[in-house]
Amino acid sequence: MLKLTKLKNTQWMGNGMGTATAEWAVKGHEHIQLRQVGYAWMAFDTRQELHTRLARAYTRRELLEILFTKLETA
């Protein structure tokens, strides 16, 4: 299974602005970052200037399983 490292904590942006979610990276593949966007979790490849979305799931655990199979076959 994949391990994660936390890049950025959740931040309170102030009244009326809400919060910014925490950002995670896959250990050993730091260019793959995970973020919660709305109700979904998304994985992005940050090697390119425009971050490419690699996968999407409703839970972080499901997203890690999808990424594990993608990295295993690559």
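Below: a short report on this structure.

This part covers the overall build of the protein. If you tally the helices and strands in the protein, you get one helix and seven strands. Counting from the amino terminus, the protein carries its helices and strands in the arrangement β-β-β-β-β-β-β-α. When its C-alpha atoms are laid out on the principal axes, the protein stretches across 45 × 25 × 20 Å. Among the 74 residues that make up the protein, the fraction classed as buried is 31%. For the protein, contacts bridging at least 24 residues in sequence account for 18% of all contacts bridging at least 6. When the accessible area of the protein is evaluated, it comes to approximately 5,400 Å², of which 52% is carbon and sulfur surface. In the protein, the 11 positive side-chain charges and the 7 negative ones have mean positions that sit 5 Å from each other.

Spatial strand order, β1-β4-β5-β6-β7: five strands in an open sheet with antiparallel pairing. Each having just a single partner strand, β1 (4-8) and β7 (52-57) make up the two edges of the open sheet. Across the sheet, the mean angle from the axis of one strand to that of its neighbour is 30 degrees, orientation sign disregarded. As defined by bridge partners, strand β6 (residues 40-45) adjoins β7 across five bridges and the pair is classed as antiparallel. Within β7, the position partnered with Met42 by the bridge is Arg56. Strand contacts of helix α1 (residues 60-73): β1, β4 (23-26), β5 (29-37), β6 and β7, with the helix running at about 130 degrees to β7, the strand carrying the most contacts.

Parameters at a glance
- Residues numbered from 1 in each chain as written.
- Predicted model: local features only at pLDDT ≥ 70, side-chain atom pairs only at ≥ 80, totals over all residues.
- Heavy atoms only, no water.
- Helix = DSSP H or I, 4+ residues; strand = E, 2+ residues; numbered from the N terminus.
- Buried < 20%, exposed > 50% of the residue type's maximum accessible area, 1.4 Å probe, protein only.
- Contact = heavy atoms within 4.5 Å.
- Areas by Shrake-Rupley, 256 points an atom, 1.4 Å probe, with all protein chains shown as cover.
- Lys, Arg positive; Asp, Glu negative; His and termini not counted.
- Charge placed at Lys NZ, Arg CZ, Asp CG, Glu CD.
- Pairing = 2+ DSSP bridges.
- Axes fitted to C-alpha atoms, helices over the stretch in contact; angles between N-to-C directions.

Coordinates in, geometry out; function isn't part of it.
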